[in-house]
Amino acid sequence: MLYLAKSNPRETIQEHTDKLLENYNILKDIYPNLEINWDILKLACIYHDLGKMNSKFQKKLKTGKRDKDEVAHNILSIGFVDTKRLKDIFQIDEIRVLLQAIAYHHERGEYDLEKFEEELDLMKEEIKNFVYDKIQIESLKKPSIKYFNNSRIREKENEELFYKYIMIKGLLNRIDYAASSDIKVEIENVFLNKSLDSWREKKQVKWNELQVFMGKNQNENVIVVAQTGMGKTEAGLRWIGNNKGFFTLPLKTAINKIYERIKDEIIEESYSEKIGVLHSDTYSEYVNLNEDDLDIENYYTKTKQLSMPLTISTLDQLFNFVFRYRGFEPILATLSYSKIVIDEIQMYSYDLIAYLVLGLYYISRLGGKFAILTATLPEFLLDIMKEEKISFKRAERDFINEKVRHSIKIEEKEINAEDIIEKYNKNKILVICNTVKKAQEMYQKLIDNNIEKVELLHSRFIKKDRKVKEKRITELGKIESKDYGIWVSTQIVEASLDIDYDLLFTELSDLNSLFQRMGRCYRKREFKEETYNCFVFNGGEKKCSGVGQVIDRDIFQFSKDILKEVDGKIDEKKKLELINRVYSTEKIKDTKYYELIKKNISYVKKIDDYEKSKTEVRNMFRNIESVTIIPKKIYRENKIEIDENLEILEKVNQKDNSAEERKALRREKELAKIEILKFSVSIPYYAFKNGTYDEMIKINKYEILYIFDCEYSKDVGVSFKNKKNKIDPFDC
């Protein structure tokens, strides 16, 4: 008799389990030295779906209807485990881990003992018909309470056992998902060292001191300060070597740029088997590759399931496991044998810094490695990591050179258009304001003065327009570009945009952010003039925009005070000295910023294991203070196109659709969603609350777009009508 694991495409329990065992062998072949009980993991693969023999489950596959008395198959599967035999081979705790990994490999179903035993009795006839060469089932039995009591293994009760459970359960999930998706659970990294050597030969360059250091410390957790232009990306890749690696950055724009660069310049061939990009718009990024031969569904699945050898990712895609939500185990189990590079750490807010620190603790505790590569390093962060007992090696020296790229002029006043206009002489000027509102005002003043070639970029443009603007600011910022112009922007240009402007005019935010902004001016050139190329406006007697909101008031004042000793040329050594003085633990410990980091660490630690759902954590981790909207004007102009795509989203699979037809519909719906989202933009929650919306569009069960009443133009972006939004806080 055939017992199905799934109905479309039809696959028996034995066939599905065989796929798991194939993936189990792939994982074991690539990582034979992983600290895990491989025998327990193999048993988990074999037993995990046997509960699907249950007649109610089989009936559900045929009819599509769930019996109200059905007991979840993951719970029933533990009744197949012959604990009497296993106790001669394994310890009690190992059998506990096995049963819990099977029972909770899906986060559904309750352990109702009465119903459980009733269903086991009914299945005693079924097992007589079940033939599988991997296992002999002789009886079904409720496991002893010493092996399974429906109370999960928790970190606070038994830390070591908790980690063993994470590894078995997490890898069982990974293997199961891969088997269900017909992909390999892991693709081995056997190429990166060779690719880097080929790239180096092609460029005719030798490893610099930073890259040599990273090569020598591949087995260490390292923290390195290196200035812009020292080849941190290549250094990070060299540290990863032929291992599974993740490269994290804070902004999707920066991630896409690095993904494209590594893919095109270093990987070159068969990239869809070697490198992936992981953030909320991964599918859209892959569609934009415009490659006819690329199987986007397969590439997307491999990326989302963390199977790629090298993945460029946002922090929220990897580090949400710190909340230990229901179903977190696959991510942490994967990171336990991975190497993670953290770039642009200065861009993270206090809550993300807290999650990052906790994440690094768990990763290093389970065997994973991390490297923090940064142009500026707040020293207090090292002290927090030491307090959290995270081991790392700090490079004995910082990787900087003596080249002077910047000359600073501190302006004791608010940023203004007149000073910018005075210096505009068919050159490339970058203006950075702390908030969107201030940037829009500055743009308008320059326009009102009939200044030619002025453009604006911030986070409140719809995706379609923002993409065009990001391309244009990058084009002008190329060192070989002979064009000129003024770009007004916000801190979204601070990280990883490879742009090189002649002059920088910026509001003061904090010292760390200031030096990052300066990295977009004379990025790789030496500044030999006896004038200034960075004009820093500290507000004078007034505050700069965003201070006290997005920018910590105390740190702003520390930065303002210390910059009084700067006038003129400044080298990298001096910059780091100033950073160390402003961001020492002694200096920073009484600030609100520091207090919030410590409070967030403490809060997350106090959360009970499995207390949160994945959805709750997704919102908490991203600090959801924004709402996604379509400006009413944009909606009206594009209503026909939006409605056509909404009709596609409403399509549903028919019962007899083939696997290929289901795959095609999924792709059609994903493309329709991308087409709708290109008209969307995120706005702060406070602005949404103070405004009005006409209607809302539901694009799936999790995502809603509001048709919001606001002003919009492709030159200025979103402007709010309600005067309550006059104070413009966090968005940039």
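Residues numbered from 1 in each chain as written. Predicted model: local features only at pLDDT ≥ 70, side-chain atom pairs only at ≥ 80, totals over all residues. Heavy atoms only, no water.

**Section: the overall build of the protein chain**
Then, number 1: Within the protein chain one finds 31 helices and 22 strands.
Then, number 2: Computed over the C-alpha atoms, the radius of gyration of the protein chain is 28 Å, within 12% of the 27 Å expected from 2.2 N^0.38 for a compact globule of 732 residues.
Then, number 3: With the principal axes as the frame, the protein chain shows a C-alpha extent of 90 × 60 × 50 Å.
Then, number 4: Burial status across the protein chain gives 58% buried among its 732 residues.
Then, number 5: Of the contacts formed within the protein chain by residues at least 6 apart in sequence, a portion of 77% connects residues at least 24 apart.
Then, number 6: Total accessible area on the protein chain is roughly 32800 Å²; 45% of this is exposed by carbon and sulfur atoms.
Then, number 7: Counting 127 positive and 126 negative side-chain charges, the protein chain places the averaged centre of each group 1 Å from the other. (Helix = DSSP H or I, 4+ residues; strand = E, 2+ residues; numbered from the N terminus. Rg over C-alpha atoms; globule rule 2.2 N^0.38 Å. Buried < 20%, exposed > 50% of the residue type's maximum accessible area, 1.4 Å probe, protein only. Contact = heavy atoms within 4.5 Å. Areas by Shrake-Rupley, 256 points an atom, 1.4 Å probe, with all protein chains shown as cover. Lys, Arg positive; Asp, Glu negative; His and termini not counted. Charge placed at Lys NZ, Arg CZ, Asp CG, Glu CD.)

**Quick notes on the state of the cysteines**
In a disulfide, the sulfur atoms of two cysteines are covalently bonded to one another.
Then, number 1: Tallying each qualifying case throughout the model produces 0 disulfides.
Then, number 2: Distance from the sulfur of cysteine 433, which forms no disulfide, to the nearest cysteine sulfur (cysteine 544) is 9.6 Å. (Disulfide = S-S within 2.5 Å.)

**Remarks on the UniProt feature "domain: HD Cas3-type" (unreviewed entry) in the protein chain**
Then, number 1: UniProt's entry tags residues 6-178 with the feature "domain: HD Cas3-type" (unreviewed entry), counted in the numbering of this structure.
Then, number 2: The distance separating the terminal C-alpha atoms of residues 6-178 is 15 Å; by composition the span is 53% helix and 3% strand. (UniProt positions renumbered as here; feature names shortened; annotations may be inferred.)

**A word on helix H13 (residues 252-267)**
Then, number 1: All buried positions along H13 are accounted for by Thr253, Ala254, Ile255, Asn256, Ile258, Tyr259, Ile262, Lys263, Ile266 and Ile267.
Then, number 2: Looking one or two places after H13, you find glutamate 268, whose phi comes out positive at around 65°.

**Considering the nonpolar core**
Then, number 1: Ranked by size, the top nonpolar core spans 156 residues in total, and within it Leu41, Met53 and Leu511 carry the most contacts.
Then, number 2: Among the elements that take part in this core, helix H9 (residues 159-181) stands out by supplying 12 residues, more than any other.
Then, number 3: Ignoring any residue separated from it by four or fewer positions in sequence, one finds leucine 511 in contact with Ser559, Ile562, Leu563, Leu578, Ile579, Val582 and Tyr583.
Then, number 4: With 51 residues, the next largest nonpolar core counts Ile415, Tyr443, Ile486 and Leu646 among its residues. (Core = buried A, V, L, I, M, F, W, Y, C linked by side-chain atoms within 4.5 Å.)

**With respect to the sheet that holds strand E11 (residues 428-432)**
Then, number 1: Taken together, the 7 strands give an open sheet; going across it, the order is E12-E13-E11-E14-E15-E10-E16, and neighbouring strands pair in mixed fashion. Sheet topology places strand E12 (454-456) and strand E16 (568-570) at the edges, where each strand pairs with a single neighbour. For this sheet, the mean inter-axis angle between neighbouring strands, taken without regard to orientation, is 25°.
Then, number 2: Strand direction decides the pairing type here: E11 and strand E13 (residues 485-489), joined by 5 bridges, are parallel. Among the inter-strand pairings, isoleucine 432 is bridged to a residue of E13, identified as serine 489.
Then, number 3: Relative to E12, helix H20 (residues 436-448) is tilted by about 160°, and along the sheet it contacts E11, E12, E13 and strand E14 (503-507).
Then, number 4: Helix-sheet contacts for helix H22 (residues 511-518) involve strand E10 (406-411), E11, E14, strand E15 (534-537) and E16, and the interaxial angle to E14 is about 155°. (Pairing = 2+ DSSP bridges. Axes fitted to C-alpha atoms, helices over the stretch in contact; angles between N-to-C directions.)

**Here's the deal with a positive patch on the surface**
Then, number 1: A contiguous patch of positive charge on the surface is contributed by Lys84, Lys87, Lys141, Lys142 and Lys146.
Then, number 2: By secondary structure assignment, the location of lysine 146 is in the loop between helix H8 (126-129) and H9. (Patch = residues over 30% accessible without salt bridge, like charges linked within 9 Å, V, L, I, M, F, W, Y side chains within 5 Å. Salt bridge = Lys/Arg side-chain N within 4 Å of Asp/Glu carboxyl O.)

**A word on unusual backbone geometry**
Then, number 1: A positive phi angle, close to 65°, is found at leucine 306, a residue other than glycine.
Then, number 2: With respect to the element layout, leucine 306 can be found in the loop between helix H15 (296-304) and strand E6 (310-313).

**Some points on a negative patch on the surface**
Then, number 1: A cluster of acidic side chains, namely Glu110, Asp112, Glu114, Glu117 and Glu118, defines a negative patch on the protein surface.
Then, number 2: Tracing the sequence through the fold places aspartate 112 in the loop between helix H6 (92-103) and helix H7 (113-123).

**A short note on the side chain of aspartate 552**
Then, number 1: Its location among the elements puts aspartate 552 in the loop between E15 and helix H23 (553-562).
Then, number 2: Arginine 553 provides the closest opposite charge to the buried, unpaired aspartate 552, separated from it by 7.6 Å.
Then, number 3: In terms of polar contacts, aspartate 552 uses its side chain to reach the backbone amide nitrogen of aspartate 554, at 2.9 Å.
Then, number 4: Here tyrosine 593 takes part through its backbone nitrogen, which lies 3.1 Å from a polar atom of the side chain of aspartate 552.
Then, number 5: Leaving out residues up to four positions away in the same chain, aspartate 552 has contacts with Thr591, Lys592 and Tyr593. (Polar contact = N/O pair within 3.5 Å; in protein donor to acceptor, adjacent residues only side chain to side chain.)

**With respect to the packing of aromatic side chains**
Then, number 1: Evaluated as defined, the whole model comprises 32 aromatic pairs.
Then, number 2: The interplanar angle of 35° and the centroid separation of 6.0 Å between the aromatic rings of tyrosine 104 and phenylalanine 148 together place this pair among those described as tilted. On the criterion of sequence distance, the pair formed by tyrosine 104 in the loop between H6 and H7 and phenylalanine 148 in the loop between H8 and H9 is long-range, its members being 44 residues apart. For the residue pair tyrosine 104 and phenylalanine 148, the accessibility class agrees, reading buried in each case.
Then, number 3: Here arginine 525 stacks its cationic end above the ring of tyrosine 522, 3.9 Å away from the centre of that ring. (Phe/Tyr/Trp six-rings, centres within 6.5 Å; stacked < 30°, edge-to-face > 60°. Lys NZ or Arg CZ within 6 Å of the ring centre and 35° of its normal.)

**Details of a nonpolar patch on the surface**
Then, number 1: A contiguous nonpolar patch, built from Tyr693, Met696 and Ile704 and spanning about 270 Å² of accessible area, is present on the exposed surface.
Then, number 2: Here tyrosine 693 is to be found in strand E19 (residues 693-698).
Then, number 3: Judged by its relative accessible area of 39%, tyrosine 693 is partly exposed.

**Brief notes about the packing of helix H2 (residues 38-47) against H9**
Then, number 1: Between H2 and H9, the shortest axis-to-axis distance is 10 Å and the interhelical angle comes to 45°. Put simply, H2 runs oblique to H9. Classified by chirality, the crossing of H9 by H2 is right-handed. Between H2 and H9, the contacting residues are Ile40, Leu41, Ala44 and Cys45 on the first element and Ile168, Leu171, Leu172 and Ile175 on the second.
Then, number 2: Here the residues of the contact of H2 with H9 are counted per class, giving 8 nonpolar, no polar and no charged. (Parallel < 35°, antiparallel > 145°, perpendicular 65-115°, else oblique. Left-handed = near helix turned anticlockwise from the far one by under 90°. Nonpolar A, V, L, I, M, F, W, Y, C, P; charged D, E, K, R; others polar.)

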